[in-house]
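# Residue-level structure breakdown
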Amino acid sequence: MPTQTFTISELAKEFDLTTRAIRFYEDLGLLAPERSGLQRIYSARDRARLTLTLRAKRLGLSLTEAKDILDMYDSPRDTEAQLEKFLGVLGSHREQLEAQLGELQANLEEVRAHEKKARATLARSRKVPGR
């Protein structure tokens, strides 16, 4: 059974990325295509790593964190250690998001309070005769 391969253009089109972004991921060590002359040939493994990299980005992980997690699966480490590392990264990221959410909620409350004050002031100014 022939192994499926992809060109950089095919991956760029499939994932709605620029070829420059894919080359950047390659420079970071997230992808490791074979070469045929000047042409890059991406394997199914590269395609899967690209899929997981983009998923990690959507979760808000850095590319370094994504690479660390992906590289764990290429190493002979046991599953328990991999899962502990993954849970550690996710837990840290969740804590960061929760802190940001708390800040956003506080900012929203402040904006709401200012809106309420502005509406009350506007309502009072509209009731003043001669305006």
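Thresholds, definitions, all that
Residues numbered from 1 in each chain as written. Predicted model: local features only at pLDDT ≥ 70, side-chain atom pairs only at ≥ 80, totals over all residues. Heavy atoms only, no water. Helix = DSSP H or I, 4+ residues; strand = E, 2+ residues; numbered from the N terminus. Expected span 1.5 Å × (residues − 1). Core = buried A, V, L, I, M, F, W, Y, C linked by side-chain atoms within 4.5 Å. Buried < 20%, exposed > 50% of the residue type's maximum accessible area, 1.4 Å probe, protein only. Contact = heavy atoms within 4.5 Å.

## Re helix 3 (residues 44–58)
One turn of an α-helix holds 3.6 residues; hence residues three or four places apart share an orientation. With 15 residues, helix 3 extends 21 Å between its outermost C-alpha atoms, agreeing within 8% with the 21 Å of an ideal straight helix rising 1.5 Å per residue. Count one or two residues on from helix 3 and you reach Gly 60, which has phi positive near 95 degrees.

## A few points about the nonpolar core
Taken as a class, soluble globular proteins show a tendency for nonpolar side chains to be buried jointly. Among the nonpolar cores identified, the biggest contains 14 residues, and Leu 11, Ile 22, Tyr 25, Leu 31, Tyr 42 and Leu 50 are the most heavily contacted of them. Those elements giving two or more residues to this core turn out to be helix 1 (8–15), helix 2 (19–27), helix 3 and helix 4 (63–74). In terms of residue count, helix 1 provides more of this core than any other element does, four residues in total. Other than its neighbours up to four places away in sequence, Tyr 25 contacts Leu 17, Leu 30, Leu 31, Leu 50, Leu 54, Lys 57 and Leu 63. Judged by nonpolar contacts, the second largest core, of six residues, contains Ala 56, Leu 61, Ala 66 and Met 72.

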